[in-house]
Amino acid sequence: MSTHASDTRSESTTNSATQLDVLGDDCARTILVATSEGPKTAKELTERTDSSSATVYRRINNLLESDLIAECVRFEDDGSHTTAYEATVDSLRVRIDADGIEVAVSEPNEPDLSDRE
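The text that follows walks through the structure, step by step, so that each part is easy to find. (Residues numbered from 1 in each chain as written. Predicted model: local features only at pLDDT ≥ 70, side-chain atom pairs only at ≥ 80, totals over all residues. Heavy atoms only, no water.)

It is worth spelling out a nonpolar patch on the surface at this point. A cluster of nonpolar residues, L20, V94, I96 and I101, forms a patch on the protein surface that exposes about 360 Å² of accessible area. Here I96 lies in strand β4 (residues 91-97). I96 sits in the exposed class, given a relative accessible area of 65%. (Patch = residues over 30% accessible without salt bridge, like charges linked within 9 Å, V, L, I, M, F, W, Y side chains within 5 Å. Areas by Shrake-Rupley, 256 points an atom, 1.4 Å probe, with all protein chains shown as cover. Salt bridge = Lys/Arg side-chain N within 4 Å of Asp/Glu carboxyl O. Helix = DSSP H or I, 4+ residues; strand = E, 2+ residues; numbered from the N terminus. Buried < 20%, exposed > 50% of the residue type's maximum accessible area, 1.4 Å probe, protein only.)

Here's what the structure looks like:
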């Protein structure tokens, strides 16, 4: 099995509030954790979350719009392929100060956020 990331995400329009809202949902957090382990199909995510497929697709769309996951194509050994989803973040840091709330995102293979101070 191999994966090939595709450029299906639109121009980033995310903000801290949107990302925090998405992460406030248990199903979305479960999807994010599962996709950080490697690409997962919507069916695999539905089984992992014990949620309805409609709920999982809504959470997938929220995570895609927040740039926390991305679509990719997963090729199976038999030559077939399917759409899968993988996490685009490795860690998040939330900073609260007089200017508001800021969410710093660390993508996979980037230095840890704690090393950036």
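What follows picks up the thread again.
One way to put it is that helix α2 (residues 26-36) packs onto helix α3 (residues 42-49) with a least axis distance of 10 Å and a crossing angle of 120°. Viewed along their axes, α2 and α3 adopt a mutual orientation that is oblique. Between α2 and α3 lies a crossing whose hand is right-handed. Where α2 abuts α3, its residues C27, T30, I31, V33, A34 and T35 lie against L45, R48 and T49. A class-by-class count of the residues in the contact of α2 with α3 yields 5 nonpolar, 3 polar and 1 charged. (Axes fitted to C-alpha atoms, helices over the stretch in contact; angles between N-to-C directions. Parallel < 35°, antiparallel > 145°, perpendicular 65-115°, else oblique. Left-handed = near helix turned anticlockwise from the far one by under 90°. Contact = heavy atoms within 4.5 Å. Nonpolar A, V, L, I, M, F, W, Y, C, P; charged D, E, K, R; others polar.)

With that settled, consider the pairing of strand β3 (residues 81-87). Here strand β2 (residues 69-75) pairs with β3 via 7 bridges, running antiparallel. Pairing of I69 across the sheet is with A87, part of β3. Between β2 and β3, which pair antiparallel one after the other, the connecting turn spans 5 residues, and G79 there sits at a positive phi close to 95°. (Pairing = 2+ DSSP bridges.)

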